[in-house]
Amino acid sequence: PLTVQPSPRKDGRWTMPFFMAAVNCEVVKRSNALLMNNMDTSDNPPTRKDLEYQEYWVHPTFKEAFGNWFRLVIAATALSNPLSGTPIRKYVLPKPGQGPDDKSMSKGYLLVNAFGESKNGTKVQSSFYFPNDPGYADTARMVVESGLCLALDADKLPIQGGGFFTPSIGM
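Residues numbered from 1 in each chain as written. Predicted model: local features only at pLDDT ≥ 70, side-chain atom pairs only at ≥ 80, totals over all residues. Heavy atoms only, no water.

As for the overall build of the protein chain
Of regular secondary structure, the protein chain possesses six helices and five strands. Along the protein chain, helices and strands appear, N-terminal first, in the series β-β-α-β-α-α-α-β-β-α-α. Burial status across the protein chain gives 16% buried among its 171 residues. Looking at the protein chain alone, contacts between residues at least 24 apart form 46% of all its contacts between residues at least 6 apart. (Helix = DSSP H or I, 4+ residues; strand = E, 2+ residues; numbered from the N terminus. Buried < 20%, exposed > 50% of the residue type's maximum accessible area, 1.4 Å probe, protein only. Contact = heavy atoms within 4.5 Å.)

Some points on the pattern of salt bridges
If you walk through the whole model with that rule in mind, you get four salt bridges. Among the ionic pairs, Glu 26 bridges to Lys 29, the shortest N-O distance being 3.0 Å. Here the residue Glu 26 and the residue Lys 29 both occupy positions in helix H1 (residues 21-37), the gap between them amounting to three residues, near one helical turn. Accessibility expressed as a relative area gives 45% for Glu 26, which makes it partly exposed. Connected through shared salt-bridge partners, Asp 138, Arg 141 and Glu 145 make up one network. (Salt bridge = Lys/Arg side-chain N within 4 Å of Asp/Glu carboxyl O.)

Structural notes on the sheet that holds strand S2 (residues 14-17)
If you trace the three strands from one edge of the open sheet to the other, you get S1-S2-S3, paired in antiparallel fashion. Whereas interior strands pair on both sides, the edge strands pair on one side only; in this sheet they are strand S1 (7-8) and strand S3 (56-59). Relative to S2, S1 runs antiparallel, the two sharing two bridges. For Pro 8, the partnering residue across the bridge sits in S2 and is Trp 14. Here helix H2 (residues 62-80) sits on the sheet in contact with S2 and S3, set at roughly 10 degrees to S2. (Pairing = 2+ DSSP bridges. Axes fitted to C-alpha atoms, helices over the stretch in contact; angles between N-to-C directions.)

Read these as layout, nothing more, since geometry by itself doesn't imply function.
As structure tokens, this is what we get:
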């Protein structure tokens, strides 16, 4: 279940929903379903049917978590209301093609920390660092690399044939 308000963690930090969590959770569930359907179960029965996935934005203090949560709620409310959303989209938000300049993008980066725990209590942790702007520069790079993979390495893809595949399964 996705928590919709700031919540305390055992380590004293606070979490709040990540705005892309609802979409990302669906991608993970789709990847898991495709993986389950394509596993060779003759020697090793699949055990991923009980997969749980949660995604949060971690903050060091309640004040920071609540502040970001409150701004997100206000922004979503303002954008969904026609009286405020129309002028915001027309006069405040960037127009299509108006993104950040090169200087702003050169300062961008993304650090993702992932934590996992199995049913038997085994814990794992990993970190992913993207040295480029995640909002445009790295997204564009990943789209181009994915297109090249599909165009040039189609015979090496793990699943052959048509359908809708997530990147973790289709490439």
